[in-house]
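Here is how the chains run, residue by residue.
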Amino acid sequence: MEDKKLTPTDSMELITSMIAATRRRLSKGDGNMLLFWGYLCVIVAITANVCSYFQFAMGIDLPISPSLLWWAIPIIGIPYTIAVNRKNNHSRNVVSYTDKISTSLWEYVLWLAVAAIAIGLFFFISGFQVWYAIELFMFFIIGMATSVQGIIIKEKSLIYGGAFSVICGGFLVAGVLAGAYWLQMYSSLLFIISFIVMMIIPGHILNHKAKKA
């Protein structure tokens, strides 16, 4: 049996349907990963900064160092993401090409994050504080990955949100290179705003579009 040749119109309809299916999967499937990571990072960042204020500005002794609270992001996020991805891979009957690209993209980012955390942990044990560099990783790598995801599914909120994060990271790097180290004090605020703009807002937009569809 000969394979049916697709006309240009058929090809465009197929591509459009694959993009739409991937967009629905991102909004309804995978445990709403955009919203999960967005809210996780924002909540942890706010909690760590509030605890730092009480400890250093008000002199209140806390049972745990505020800097250790940042570990909640990889400790909670990475195992949850791996478990959800495995569950969805087993339950998914049909996997489109755009699904494969999206999954590969975020798996790559996930393992880059694991490597960055391992590097940070190595220097932390050695007595050096390099968490600012790890934070910049979040701005650049996750920001670019979010924009690429937006390009794949043609979602402007992801494209612009990811670009916003990359710009914030570039602004902080330029400030440090220029000697304006006081900008590091605002890195956590930009971190919170970036995850709201590049994950939480697009996540809710995708959910809204999926419900309408």
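So, here's what we can say about the structure. Worth saying up front: this structure is predicted, and the values here are computed from it rather than measured.

The secondary structure content of the chain amounts to seven helices and zero strands. Written out in order from the N terminus, the α and β elements of the chain read α-α-α-α-α-α-α. Relative to all contacts within the chain whose residues are 6 or more apart in sequence, the contacts with residues 24 or more apart total 78%.

The next thing to look at is the packing of aromatic side chains. For the structure shown, the criterion picks out seven aromatic pairs. Between Phe36 and Tyr80, the ring centres sit 4.2 Å apart and the planes meet at 35°, which makes this aromatic pair tilted. One end of the pair, Phe36, is in helix H2 (residues 33-57); the other, Tyr80, is in helix H3 (residues 72-91), and 44 residues separate them in sequence. You can call Phe36 buried: its relative accessible area is 18%. Consider the rings of Trp70 and Phe191, whose centres lie 5.5 Å apart with planes at 80°: the pair is edge-to-face. One end of the pair, Trp70, is in the loop between H2 and H3; the other, Phe191, is in helix H7 (residues 187-212), and 121 residues separate them in sequence. Judged by relative accessible area, Trp70 falls into the partly exposed class, the value being 27%. Ring pairing ties together the aromatic residues Trp70, Phe139, Phe191 and Phe195, which thus form one cluster.

The rules behind each value
Residues numbered from 1 in each chain as written. Predicted model: local features only at pLDDT ≥ 70, side-chain atom pairs only at ≥ 80, totals over all residues. Heavy atoms only, no water. Helix = DSSP H or I, 4+ residues; strand = E, 2+ residues; numbered from the N terminus. Contact = heavy atoms within 4.5 Å. Phe/Tyr/Trp six-rings, centres within 6.5 Å; stacked < 30°, edge-to-face > 60°. Buried < 20%, exposed > 50% of the residue type's maximum accessible area, 1.4 Å probe, protein only.

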